[in-house]
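What follows is each chain in one-letter form.
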Amino acid sequence: MVIRRIAQRIGWTLVVVWFVVTATFAMLSTIPEDPARALLGPHAPPEATQRVREHYCLDQGTFAQYGCWLANVARGDLGESYASKRPVVDIIADRAWPTVQLALATLVLQLAIGIPLGLLAAARRRLGRAMSVVEVLGLSAPAFVVGTVLLYLFAYQLGWFPLAGYGDGVLGRLHHLALPAAALASFGAVYYAGVLRAELRTELARDYVRTARAKGVAERDVLVRHALRPALGALVALVGTDLGALLGGAVVVESLFAWPGLGREALQAILELDLPVIVGVVMVSAIAVVVANLVADLVHLWLDPRLRDNQP
């Protein structure tokens, strides 16, 4: 049953990926501008324009163009940038690794702060009430506002961190990564703590927890060993969504800290009206969200045996 459930999740993921690719083609088809002329420029010779049109099947019907589009995407051919004339897949590959680093650092910070806070808030009700106030403050502060404050205080005023850039070497990279990751994690850490606190309180009210307490199990062990694992399911789902969104690029924060990721590249492409790069980043971002949610679903199945037992 578990294998069938996993196969169903993977199958739905493939369907969603196909839908994203198809929707991207439909969006491109509605644009009145000739892609070949946009790529080569208005003064390109007719022979060169015709070769580009033949390569992307633009001289054929809609269904032939769609088949060509699917084949090109499967080969990793997303076209060429109007601005730099580089293949879009090469641009995305160059910007993907910095975004992956930022996304992973953000998630590590969110979990490292959110899980202990959630445990403390669930164990101590007074702290839980104080956490509610912190949640309101944390959720009302956008990442770009937090990032600006961090940049001013710790980079400009105190000089503890660099103002912008990517850094060289492991230590230099971590030094440059600290502030943008903290800006992105400020919202998620507080939200994760609140979600985990609510889930833990639900689990602590269940019969198996009462049984453990009746057997004399220490409250700390009840919280960590019995209630935490099933309570992490909701957090795993949030991590999957956040990871997909972060892999798509945090546009404002990457631009604020001059971090060379997908978000900053997408913003630059929008300013330059570089349609192939915009479409490539959007499609890769959507696929990243879908795949990250698939991984989160599989981890959730592993964490909570009750989900496996309830599968038809």
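Attention now goes to the packing of helix 5 (residues 88–123) against helix 12 (residues 262–271). Where helix 5 contacts helix 12, the axes come no closer than 8 Å and their chain directions differ by 135°. If you check the angle between helix 5 and helix 12, you find them oblique. Where helix 5 abuts helix 12, its residues I91, I92, R95, A96 and T99 lie against L262, G263 and E265.

This part takes up the packing of aromatic side chains. Here the structure, examined in full by the defined rule, presents four aromatic pairs. With centroids separated by 5.8 Å and ring planes inclined at 40°, the aromatic side chains of F154 and W160 adopt a geometry described as tilted. Sitting over the face of the ring of Y166, R173 holds its NZ or CZ atom 3.7 Å from the ring centroid.

Turning our eyes to something else, we now look at the pattern of salt bridges. Think of it this way: side chains of opposite charge can pair up when their charged atoms draw near. Counting across every chain of the model gives two salt bridges. Between E265 and R95 there is a salt bridge, with its nearest N and O atoms 3.1 Å apart. One end of the pair, E265, is in helix 12; the other, R95, is in helix 5, and 170 residues separate them in sequence. Judged by relative accessible area, E265 falls into the buried class, the value being 17%.

Inspection of every chain in the model, using the stated rule, returns one cavity of 30 Å³ or more. A volume near 40 Å³ is recorded for the largest cavity. Lining the largest cavity are F161, P162, L163, A164, G165, H175, H176, L179, P180 and F257. When grouped by side-chain class, the residues that make up the lining of the largest cavity number seven nonpolar, three polar and no charged.

For the rest of this paragraph, the subject is helix 5. Under the 1.5 Å per step criterion, the end-to-end length of helix 5 is 50 Å for 36 residues, consistent within 8% with the ideal 52 Å. Where helix 5 bends most, the angle comes to about 30°, and this point is A96, followed within four residues by the proline P98.

About the thresholds
- Residues numbered from 1 in each chain as written.
- Predicted model: local features only at pLDDT ≥ 70, side-chain atom pairs only at ≥ 80, totals over all residues.
- Heavy atoms only, no water.
- Axes fitted to C-alpha atoms, helices over the stretch in contact; angles between N-to-C directions.
- Helix = DSSP H or I, 4+ residues; strand = E, 2+ residues; numbered from the N terminus.
- Parallel < 35°, antiparallel > 145°, perpendicular 65-115°, else oblique.
- Contact = heavy atoms within 4.5 Å.
- Phe/Tyr/Trp six-rings, centres within 6.5 Å; stacked < 30°, edge-to-face > 60°.
- Lys NZ or Arg CZ within 6 Å of the ring centre and 35° of its normal.
- Salt bridge = Lys/Arg side-chain N within 4 Å of Asp/Glu carboxyl O.
- Buried < 20%, exposed > 50% of the residue type's maximum accessible area, 1.4 Å probe, protein only.
- 1 Å grid on protein atoms, 1.4 Å probe; cavity = no way out; pocket = protein on both sides within 12 Å on 5 of 7 lines; lining within 4 Å.
- Points joined across faces, edges and corners; volume = space filled by probe spheres on them.
- Nonpolar A, V, L, I, M, F, W, Y, C, P; charged D, E, K, R; others polar.
- Expected span 1.5 Å × (residues − 1).
- Bend = angle between axes of the 7 residues up to and from the residue.

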